[in-house]
Amino acid sequence: MSLYWLFFLSLAIVGSFAYTAGMKFGAPTMSPFGYAVIMNVVVLSAQLVFALTAKYGFKVDVAQGINSRTIKFAILTGCGAAMVDLCFFLALRYGSVVSSQIVWQVGSILLIGTAAVLFWGEALSLQKALGVLLGLASLILITRASS
């Protein structure tokens, strides 16, 4: 584990908090489609500023690795992000933050972990398998308690 890894994951956690808090307070009163459009205009604007800063401020080649294959995966990622934006917004409208967040996060871990083992060749140690079982237990306990 490197300090860069820890730093960027820490920022991702802060970003996830801002994302969830914004969704929580925006979900009850606004159309999810209008909300998603505004949110993604902000995302696009911020990413443009980041890319221009990287390119001109830090001399980073921001177009490195762009080809038809990576563009397809970027499109897949964008479709997934759009689905998350709209569906998480609606989940918060119809359910609690704790249940929605836990089911989203643990469910994602379980699905991605399964794909990593079955399709991407990652190893599943006894410790990781125990973590998967505890994740399933957390889903059951948290969703039952909030029903």
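Structure shown above.
What this report covers is the structure whose coordinates are included nearby.

**With respect to the side chain of Ser-100**
Right, so step 1: Take Ser-100: it is sitting in helix α4 (residues 97-118).
Right, so step 2: A residue is classified by how much of its surface remains accessible, and Ser-100, at 12% relative accessible area, is buried.
Right, so step 3: In this view, Ser-100 contacts Phe-88, Ala-91, Leu-92 and Gly-95; residues no more than four positions away in its chain are not counted.

**A short note on unusual backbone geometry**
Right, so step 1: In this structure, Lys-59 takes a positive phi of about 60° despite not being glycine.
Right, so step 2: Secondary-structure assignment places Lys-59 in the loop between α2 (32-57) and α3 (68-94).

**Brief notes about the nonpolar core**
Right, so step 1: Grouped together as the largest cluster of nonpolar side chains are seven residues: Met-23, Ala-27, Tyr-35, Met-39, Phe-88, Phe-89 and Leu-92.
Right, so step 2: Counting residues per element, the ones that place at least two in this core are α2 and α3.
Right, so step 3: Counting residues per element, this core draws most heavily on α3, at three residues.

**Description of the state of the cysteines**
Right, so step 1: A complete count under the given rule lists zero disulfides for this structure.
Right, so step 2: Cysteine Cys-79 remains unbridged, with the sulfur of Cys-87 as its closest cysteine sulfur at 13 Å.
Right, so step 3: Taking relative accessible area as the criterion, Cys-87 reaches 48% and is therefore assigned partly exposed.

The rules behind the values
- Residues numbered from 1 in each chain as written.
- Predicted model: local features only at pLDDT ≥ 70, side-chain atom pairs only at ≥ 80, totals over all residues.
- Heavy atoms only, no water.
- Helix = DSSP H or I, 4+ residues; strand = E, 2+ residues; numbered from the N terminus.
- Buried < 20%, exposed > 50% of the residue type's maximum accessible area, 1.4 Å probe, protein only.
- Contact = heavy atoms within 4.5 Å.
- Core = buried A, V, L, I, M, F, W, Y, C linked by side-chain atoms within 4.5 Å.
- Disulfide = S-S within 2.5 Å.

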